[in-house]
Structure formats: structure tokens, C-alpha cells
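Understanding the architecture of this molecule
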Amino acid sequence: MASEKILEQKKKQVSELADQLTKSAAGVIVDYSGVNVTDDTILRRKLRENDVAYKVVKNSILKRAFEAAKIEGFEDAVFEGNSAIAISDEDTTAPARFLHDFAKEHKNFKLKAGYAEGAVLTDELLKRYATLPSKEILLATVCNAFNAPIAAFARVIQALVDKNGEEAPAAETAE
């Protein structure tokens, strides 16, 4: 039987991870088997640069942390084998995107499961999240979509002014 000190450490780990899961936007659980130290270091650096936390966690602690965070619906197979989790507090797509790209280059590295906004993602949804562009690119796309009609209108007005050879009339002031 485990000592009280070890049990308290494990409870603390579960509590801290559950708190992190609750506050996060999204996360992905992976099987990191067969990844060498050099590749793991590169992956960790890339994730850290993009504000994604990555850590290896014992399956029992991981399972209890998800239960404590009330994120339920994972299959039992998710909590078998070697497990690590990548968590993002801001970007919902970042963990899936970076880990999916890494898995393409490393055949033994596998995405087990994921969650976003407190809900478990199916394999299909996890793949979709992995192929979405970053939040910044999505926002830029939306801004361009809103900006295009305004820019087109400004070009039409400028063309009318240029065609008539006149400048736009100045606003008259009331006296």
C-alpha cells in the first residue's frame, strides 16, 4: 500500500491537472512511443513557442483529472500505454494542429483523443481541428471578407470622380 505522502502527491497532481484542464480551451492526448529525445525536444520547443503546455502523465492521474474536471466520454483505451497531453488555454486548434503534423512525420507517435471547450472530440472532429488554420489566420480571413465590399465601394466612388474629372464636392457649412 502506498504511503500517505505519495497519495498526497498524487492527489495534488490530479488537482493541478484538473484545474489546468478546466481552464483550457482544448487538449490532445497522445501516445509518444518510439519518439527519440531529439524529436521530443523539437516538439516541446515548438509547442512552448505557441503557448501549448505538453507533459507526460501517468494514465491513472490523467483519468482522475478528467473526471475531476468533468470532461467525460473518453474510451478506456485512451488511458492505456504511454500517454502525454498537450493543452492550450487560448487556441482551440493549436494542440491538434501541431501534434497532427508531428504524427505525420513520426509513424509511432499517435493521437489518442482530444477535447475542446470541455467536450470530448471524436476522431473525425479531432482530424478537422488539426487541419484548421490558426486563430490569427481565421480572424484575418474574416476581416478581409468584411473589408472587401468596403474597398470595392471606395474604388467605384473614386472611379466616378476620376471619370467626371471633378473632385468630390466639399461639404457646405451652415451659417
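Please refer to the structure higher up on the page.
The sections below set out a description of the structure shown in this document. Every value quoted in this text rests on a predicted model; they were computed, and no experiment measured them. (Residues numbered from 1 in each chain as written. Predicted model: local features only at pLDDT ≥ 70, side-chain atom pairs only at ≥ 80, totals over all residues. Heavy atoms only, no water.)

**Details of the packing of helix α1 (residues 4-23) against helix α3 (residues 59-68)**
Where α1 meets α3, the closest approach of the two axes is 8 Å, and the angle between their N-to-C directions is 50 degrees. Here α3 runs oblique to α1, going by the angle between their axes. Considering only the axes of α1 and α3, their crossing is right-handed. Counting all contacts with α1, which are made through K10, Q13, V14, L17, A18 and L21, the residues of α3 involved are I61, L62, R64, A65, F66 and A68. (Axes fitted to C-alpha atoms, helices over the stretch in contact; angles between N-to-C directions. Helix = DSSP H or I, 4+ residues; strand = E, 2+ residues; numbered from the N terminus. Parallel < 35°, antiparallel > 145°, perpendicular 65-115°, else oblique. Left-handed = near helix turned anticlockwise from the far one by under 90°. Contact = heavy atoms within 4.5 Å.)

**Some thoughts on a nonpolar patch on the surface**
A grouping of F153, V156, I157 and L160 is seen on the molecular surface, where their side chains present a nonpolar patch of about 380 Å² in accessible area. Turning to its location among the elements, L160 is positioned in helix α6 (residues 135-164). Overall, the relative accessible area of 47% leaves L160 in the partly exposed class. (Patch = residues over 30% accessible without salt bridge, like charges linked within 9 Å, V, L, I, M, F, W, Y side chains within 5 Å. Areas by Shrake-Rupley, 256 points an atom, 1.4 Å probe, with all protein chains shown as cover. Salt bridge = Lys/Arg side-chain N within 4 Å of Asp/Glu carboxyl O. Buried < 20%, exposed > 50% of the residue type's maximum accessible area, 1.4 Å probe, protein only.)

**Let's talk about the side chain of D91**
Examined against the element boundaries, D91 turns out to sit in the loop between β3 (84-88) and α4 (94-105). Judged by its relative accessible area of 14%, D91 is buried. A distance of 3.0 Å separates a polar atom in the side chain of D91 from a polar atom in the side chain of T93. (Polar contact = N/O pair within 3.5 Å; in protein donor to acceptor, adjacent residues only side chain to side chain.)

**A few points about the pairing of strand β1 (residues 26-31)**
Within β1, 6 of the 6 residues are buried, leaving the element largely enclosed by the surrounding structure. On β1, burial covers both faces: A26, V28 and V30 on one face and G27, I29 and D31 on the other are all buried. Note: β1 against β3, 5 bridges, orientation antiparallel. Note that in β3 the partner of I29 across the bridge is I85. (Pairing = 2+ DSSP bridges.)

**Looking at the packing of aromatic side chains**
Applying the stated criterion across every chain yields a total of 5 aromatic pairs. Their ring planes at 65 degrees and their centres at 4.6 Å tell us that F66 and F74 sit as a pair that is edge-to-face. Note on accessibility: F66 and F74 belong to one class, buried. Relative to Y115, the ring of F66 lies with its centre 5.6 Å away and its plane at 80 degrees, an arrangement referred to as edge-to-face. Taken together, the positions of F66 in helix α3 and Y115 in strand β4 (residues 110-116) put the pair 49 residues apart, joining distant regions of the chain. (Phe/Tyr/Trp six-rings, centres within 6.5 Å; stacked < 30°, edge-to-face > 60°.)

**Observations regarding the nonpolar core**
Of all hydrophobic cores here, the largest spans 21 residues; its most connected members are V28, V30, L43, L47, Y54, L99 and F109. Of all elements in the fold, only β1, α2 (37-49), β2 (52-56), β3, α4 and α5 (123-131) reach the threshold of two or more residues within this core. Here this core takes 6 residues from α4, the largest share from any one element. Here L43 is in contact with Y54, L99, F102 and F109, once residues within four sequence places are set aside. A65, I71, I87 and A113 belong to the second-largest nonpolar core, a separate cluster that totals 19 residues. (Core = buried A, V, L, I, M, F, W, Y, C linked by side-chain atoms within 4.5 Å.)

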